[in-house]
Amino acid sequence: MIDWESIALTARLAAVTSVILLVLGLPLAWWLARTRWRGAVLVEAVVALPLVLPPTVLGFYVLLMLGSNSPLGQFYEGVTGTLLPFSFRGLVVASVIFSLPFAVQPFLAGFRAIDPRLLEASYSLGSGRFHTFFWIGLPLAWPGLLAGCVLSFAHTLGEFGVALMVGGNIAGVTRTVSISIYDSVQAMDYATAGWTSAILLVTSFTILAVTFTLQRKFVSTWPGT
Amino acid sequence: MIDWESIALTARLAAVTSVILLVLGLPLAWWLARTRWRGAVLVEAVVALPLVLPPTVLGFYVLLMLGSNSPLGQFYEGVTGTLLPFSFRGLVVASVIFSLPFAVQPFLAGFRAIDPRLLEASYSLGSGRFHTFFWIGLPLAWPGLLAGCVLSFAHTLGEFGVALMVGGNIAGVTRTVSISIYDSVQAMDYATAGWTSAILLVTSFTILAVTFTLQRKFVSTWPGT
Amino acid sequence: NPKPQISSENPGTLTIAAASSLKFALDDLLELFRAENQNINVRVTYGSSGNFRTQIEQGAPFDLFLSADRVFPEMLIESGRGEKGSLFDYAVGRMVIWVRDVSPLDPEQSLVDSRVRKIAIANPKHSPYGQAAVAAFKSLGVYEQIKDRFVMGENIAQAAQFVETGAADIGVIALALATAPTMAERGRYWEIPLGHFPTMFQSGVILTNAQNPDAARALLGMMITDSGQELLRAHGFLMPQETQETP
Amino acid sequence: MARDLNIDCKVRFRNGPEIAPQAVFSGAPGRTTALFGPSGSGKTTILRLAAGLTLPVSGNIRCGETIWSDDRTFCPVQKRRIGFVFQDYALFPHISVLGNILYHLDNKDTALRDAAFALIDKLGLQGLEHRRPAALSGGQRQRVALARAVIRRPHWLFLDEPMAALDQTTRLTVRTELREFLQREKIPTLIVTHEFNELAELADDIALIADGRVIQHGPTREVLRQPSSLTAARLLQFENIFSSEDKSPLPVAKKSTGIAFRAEFVHIEKPETPTLAGRIFIPVRITRIRSEGPLVRLTGEAGNTLIEAAITSQNHAAWMQPGHRACLSIDQRDVASIPLRG
Amino acid sequence: MARDLNIDCKVRFRNGPEIAPQAVFSGAPGRTTALFGPSGSGKTTILRLAAGLTLPVSGNIRCGETIWSDDRTFCPVQKRRIGFVFQDYALFPHISVLGNILYHLDNKDTALRDAAFALIDKLGLQGLEHRRPAALSGGQRQRVALARAVIRRPHWLFLDEPMAALDQTTRLTVRTELREFLQREKIPTLIVTHEFNELAELADDIALIADGRVIQHGPTREVLRQPSSLTAARLLQFENIFSSEDKSPLPVAKKSTGIAFRAEFVHIEKPETPTLAGRIFIPVRITRIRSEGPLVRLTGEAGNTLIEAAITSQNHAAWMQPGHRACLSIDQRDVASIPLRG
Ligand SMILES: Nc1ncnc2c1ncn2[C@@H]1O[C@H](COP(=O)(O)OP(=O)(O)OP(=O)(O)O)[C@@H](O)[C@H]1O
Ligand SMILES: Nc1ncnc2c1ncn2[C@@H]1O[C@H](COP(=O)(O)OP(=O)(O)OP(=O)(O)O)[C@@H](O)[C@H]1O
Ligand SMILES: [Mg+2]
Ligand SMILES: [Mg+2]
């Protein structure tokens, strides 16, 4: 049987994670692209680091960091009365940590490709940093923003090592569709695994193809300044 | 004890994979960025798809595809007399498939950000498609290329689901450092896991920080045309 | 055995963390359990016993942990996460050498067969079945001869998949897995006699922060009823009392 | 001729005008044709069509006997051996000035390098060889773009306002050097320009462009003297244009749509100056005087029409004041009679 | 004055020149100062410094009493309430023409929209409101950039060659509209231009720029009449410049470094014309005649020096041929005596 519950949960997770990644990643990337501070390269490197650890191991460390033995976990437990790991919120936190490089690096590339004259023009027209970021920075960086969104969205769908470790594979709470597929494969239930994978692939494919088509139609490259 | 063999093997894998990803990914991304063919969006979506499956499951399907039951596996066995799975080459194939979206999406973003006038200028100076790609396309797309290389390099280091499934965790042949760390964690050898992780993190951090610094120093954005 | 009663005022949810190898047996068992305790909502998560231990140490909200070995529950009791005295061996694992149907190999002879290029086992570094397999190979006197052909899965399921996909020629897996429907359809096996490797007691423990320890106890109780044991046996396990411990 | 550029094609921009040039631009060695027309008339588009940067929707383009573009064949830009100076330069931002100039050429070839340095010297770019374009001023960039296009001795050169960003002095030097270079290397050239001086100094032929079409095309002197339509006269900035419907102060020939003459051909003299054969005299009242650079422009009223005259300070006498009467005169040969259309 | 722009600062480009302008540009309502100088002299850099787009390494910039930039404070561009037309336009490629013009303004404000449409009309951009910049011609883009900068009625307007890409006719319209607008809205303006016409028509003051410095600065008429140095005379394109070391054909005052006069003030007459008080007469042999637009330029040789005269066709007689003798004359008041330096 196809695990619809997990599919719904995953959709929710992907949506929440994407929003958080945009909110965190865009300003961070913008800052990294514009700052002249030398230390920025260190920040950039740190953001990419979660990638180099195997997901399960990263999940292990995240679990230690958020778990009830850690100051952070205890603080959270003290405030909310619940545990951060093994909850949907914990899953979101883990997802965000792990997907951040997928978002930030392409965003950064997008912002770097912006012609600085256009930012100067925007400032000269009285537009402040905030307004310029929204009206010039974001639209002109679209190829990078798109790439970042696609990668982090797809990755949130497929990620399972961290999700499993931090989420604990609890049906309806933290069992994502990729964990569910993994379980089916582990249980040799190849039919379910195949069908669920197919649903996941077809849905993702459709979402991606539609996104790419819209983008080609409406947001073609901007020459001519 | 720290598993130096795996570290060396991983370095080799990351290098080989990166080279192959550049060779495959750059032309593919260039073509995707420039073509007006409508079907290109489907290709673009397909390239991103490996991301949405959990790595182990993807590895399972790759194993089915490459194993000695499959036409592809039998063909390879017929030609080389060896098996593709559980070999370094098989690992490379799997790595490339899985890291392709991390390379192609940012590359694409980089190429898309190039001002088409500059390509026109290059053609008008008698430079053909190939020469233009190398001398105008690549240097002007550097923010995207850098992001793609960083993501795919880091990801090749950290990936372990597919590597384990297709590689079979053979010491010195297919045991990457991330598998080794995973094993240590599973065996509750947290000291070894911690040290190996630390080595991996510090090395990656250094490589990334040096790359980013060089890039900021020498390849700053190119305004002024 | 007396059947522990669960007060119907306190039904709630029973959350179980169970070793993957238990999947087929436990699914059937739970059907039985649900039929008898309709007011209990059972939720089960299968996975790696090692991961479960880590997660439980970090406060994972499980009531009952059915491990694939005895070490992890003992560690949990030591750290105070497992209820003292609730440790309990529910089965003993059996191990087989598995080949695909289409393979010309005879599983019993396959360890010394030169046609075998890759032997799939679970990683002996952390998997009880992997450790048992290595012990068995040593006991059978073939270890030195075949150790270069190992490919190691993170667990027996992955080892099974190595063989199943045709990537490896033979694999050492749990009998519990070999008798699972998909595997049974597609392959043949030979059981490695119990004496060749340390007895693999599989133990369960009730967790100290269990929300529903009564239900957990009820399930444990059910596992040692005749019908429970029957089911476990049918799915490739031995009962602890049927073996003597081999070192 | 071997390299005549035969253009007869059409392009239609979405939500934009149709550009449909039809002309044969002379490919004689060293011959220069200027495209002259108002902003937005399609000059750049014509150059881009000729170069193969914009694809025509229909029609064909031939260079001598070679088909550059028709229904079936299309010769890509890089095969046409052209040089193109873009209106906005399009320098490669990641390459030095020298690298831009020698782009896609053999960097080691000392003859080429010498040629590059010679060009750099002549265009006043000394000392900038190793700068990136971002570190150049606008005019410096434009000169680099010019050097980059000409150094490869193209078969055809397309220059889109190549001196618009230069000051007058630099412009003069560049113009002289360019003219010499084109003559020496025998490169046929299409140049877009808004400057009258450049027309006269650089162009052998002029093609007047309006609304995406070539409305007049011929040798510079002829076109400047004899516009073929009222629009052409207006483009060529004839200050005095009278269509046959206007109440012209001058006789308009029967078979023409009007007349046009330039202010600087109009002489101004005291009223009641004795008339001369071959000259037309028109008594006027001066209505306006303003100086424009080296010239003084006077407007005189004759009947209901206004006539403009341009004189130098030498001829600007004290009595020429608004309100005063004067006598304007013009040589009949300086009055262009504009033929009927069609 | 309330908005005088007091600039005294310095910037040094890596591997580039030092730009160190020192001037007070009048901020009187509607007053326009032209920056005039050769390509690469630092005009754009001075505008960018004034606008706050380039950071000075030292010195300060004040607008009236407000400090825009000094050692401690820096007022960011967006707070300066300026308008800037970039030499290369810098239109936002993803926004329509109307969107560019109304950028960061209240889109719903009908008064503003009306103003935008009025500007669009006046600048001849009708029908292009909803196009993206990529679908505009070079001259159209430049006009959009101008509209975008002026519509917000800035406290200071900086225009970097705002009409370089326009044809003469459009340029005239735009220039007139711009002048009117600036007067009406009382906006002080700094404009970079290479056109003499624009200087005379638009600028109240001129600042001559050479090598990153302001070498002369004053009301247009004065500067055009009286260059303060030989360099200034050269910049202002005085055709005839003689330093006191040269063998000048004209008397050079003792306390001056030289003299300069314009070709169009030189009259040409038959040899042996009777002299007149107040005029200097120089007998010459004509060496060269060429026509340039409306003018005919004659070069005459007197002793070892060459003198240039520019006349209109009216004064161009048949006898003026190379090799013939003639008499050049110039009013003493038209000869600028260039003071000693320092
Ligand atoms: N992509 C496009 N879509 C729609 N209209 C366009 C496009 N490109 C150019 N046009 C229009 O075509 C006309 C001709 O443009 P072109 O650039 O050839 O003019 P031009 O003669 O070079 O003008 P300028 O002197 O201002 O550079 C203009 O009116 C312009 O608005
Ligand atoms: N980033 C830079 N690095 C080095 N030199 C620079 C840089 N920017 C400008 N320059 C130099 O500074 C000088 C002044 O440049 P600027 O752009 O101000 O000239 P300009 O007077 O506007 O010339 P143009 O009329 O050609 O536009 C030029 O010689 C230029 O080469
Ligand atoms: Mg143009
Ligand atoms: Mg400039």
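Our subject in this report is the structure included herewith. The structure presented is a predicted model; accordingly, all values stated were derived computationally and were not measured.

## With respect to the overall build of chain C
For step 1, the next point in the chain: Per the secondary structure count, chain C includes 10 helices and 11 strands.
For step 2, the next point in the chain: In terms of overall size, chain C behaves like a compact globule, its C-alpha atoms giving a radius of gyration of 19 Å where 247 residues would be expected to give roughly 18 Å.
For step 3, the next point in the chain: Taking the principal axes of its C-alpha atoms as reference, chain C extends roughly 65 × 35 × 30 Å.
For step 4, the next point in the chain: Taken across its 247 residues, chain C has 62% of its residues classed as buried.

## Some details on helix α5 (residues 88-112) of chain A
Because the α-helix completes a turn every 3.6 residues, residues three or four places apart line up on one side.
Residues and elements named next belong to chain A.
For step 1, the next point in the chain: The end-to-end C-alpha distance of α5, which contains 25 residues, comes to 35 Å, matching closely the 36 Å that a straight helix rising 1.5 Å per residue would cover.
For step 2, the next point in the chain: Helix geometry: α5 is bent most strongly at S99, by close to 45°, with proline P101 lying one to four residues after it.
For step 3, the next point in the chain: The buried fraction of α5 amounts to 22 of the 25 residues, a majority that puts the element mostly inside the structure.

## A few points about the interface of chain D and chain E
For step 1, the next point in the chain: In this complex, chain D contributes 46 residues to the contact, which on the side of chain E involves 46 residues.
For step 2, the next point in the chain: Roughly 3500 Å² of surface becomes buried between chain D and chain E when both sides are summed, with 42% attributable to carbon and sulfur atoms.
For step 3, the next point in the chain: Three residues stand out in chain D for area buried against chain E, namely S39(D), Q168(D) and Q314(D), and they jointly supply 17% of the buried area on that side.
For step 4, the next point in the chain: At the junction of chain D with chain E, the criterion picks out 4 salt bridges.
For step 5, the next point in the chain: Notably, a salt bridge pairs R171(D) with E195(E), separated by 3.6 Å at the nearest N-O pair.
For step 6, the next point in the chain: Between chain D and chain E we count 13 residue pairs in polar contact (both at pLDDT 80 or more) in total.
For step 7, the next point in the chain: Listed by contribution, the elements that provide at least two residues to the side of chain D that touches chain E are α4 (138-150), α5 (168-185), α6 (196-202), β14 (267-269), β15 (279-292) and β17 (305-312) of chain D.
For step 8, the next point in the chain: Here the side of chain D that touches chain E takes 5 residues from α4(D), the largest share from any one element.
For step 9, the next point in the chain: Residue composition of the side of chain D that touches chain E, grouped by class: 12 nonpolar, 23 polar and 11 charged.

## So, the site of ligand 2
For step 1, the next point in the chain: In the neighbourhood of ligand 2, 23 residues make up the surrounding shell, with R131(D), S137(D), G139(D), T44(E) and T45(E) lying closest.
For step 2, the next point in the chain: Residues lining ligand 2 come from chains D and E.
For step 3, the next point in the chain: One of the backbone nitrogen or oxygen atoms of K43(E) is found 2.7 Å away from an oxygen atom of ligand 2.
For step 4, the next point in the chain: Calculation on ligand 2 without its partners gives an accessible area of 640 Å², and the protein chains cover 90% of this total.
For step 5, the next point in the chain: Elements with a minimum of two residues in the shell around ligand 2: α4 of chain D together with α1 (43-51) of chain E.

## Thoughts on the coordination of the magnesium ion (ligand 3)
All names here are of chain D.
For step 1, the next point in the chain: Within the protein, T44 (OG1) and Q87 (OE1) serve as the donor atoms for the magnesium ion (ligand 3), at 1.8 to 2.3 Å. Note that T44 is positioned in helix α1 (residues 43-51) and Q87 in the loop between β7 (82-85) and α2 (97-101), a separation of 43 residues in sequence.
For step 2, the next point in the chain: By relative accessible area, T44 is classed as partly exposed at 24%.
For step 3, the next point in the chain: In this structure Q87 comes out as buried when scored by relative accessible area, which is 18%.

Here is what the cut-offs are and how they apply
- Counting restarts for each chain, with residues numbered from 1 along the sequence as it is written.
- Chains carry letters and ligands carry numbers; both start at the beginning, A for chains and 1 for ligands, and go up in the order they are written.
- Given that this is a predicted model, residues contribute local features only at a pLDDT of at least 70 and side-chain atom pairs are listed and counted only at 80 or more, while totals for whole chains, interfaces and linings are drawn from all residues.
- Think of the side-chain values as coming from all heavy atoms in the structure, minus any hydrogens and water.
- Only DSSP runs of H or I covering at least 4 residues are called helices, and only runs of E covering at least 2 are called strands; the numbering of each starts at the N terminus.
- With the radius of gyration taken over C-alpha atoms, the globule rule is written as 2.2 Å times the number of residues to the power 0.38.
- Think of it in three bands: with a 1.4 Å probe and only protein chains considered, a residue is buried below 20% of the maximum accessible area for its type, exposed above 50%, and partly exposed in between.
- A helix is expected to reach a length of 1.5 Å times the quantity of its residues less one.
- Axes are fitted to the seven residues ending at a residue and to the seven starting at it; the angle between these axes is taken as the bend at that residue.
- Note on contacts: a residue pair is in contact if any heavy atoms of the two residues lie within 4.5 Å.
- The term buried area denotes the loss of accessible surface (1.4 Å probe radius) that occurs when two parts are joined, taken as the sum for both partners.
- For this document, the term salt bridge refers to a Lys or Arg side-chain nitrogen within 4 Å of an Asp or Glu carboxyl oxygen.
- Pairs of N or O atoms within 3.5 Å make up the polar contacts considered here, provided that, within protein, one atom can donate a hydrogen while the other can accept it, and that residues adjacent in sequence are counted only when both atoms are side-chain atoms.
- Lys, Arg, Asp and Glu make up the charged group, whereas Ala, Val, Leu, Ile, Met, Phe, Trp, Tyr, Cys and Pro make up the nonpolar group; the residues left over, Gly among them, are polar.
- If even one non-hydrogen atom of a residue comes within 4 Å of a molecule or strand, that residue is called near it.
- Using a 1.4 Å probe, the Shrake-Rupley method yields the accessible areas, and only the shown protein chains count as cover for residues.
- Coordination shells were defined by N, O and S atoms within 2.8 Å of each metal, extended to 3.2 Å for Na, K and Ca; water is absent from the atom set, which can make sites look incomplete.

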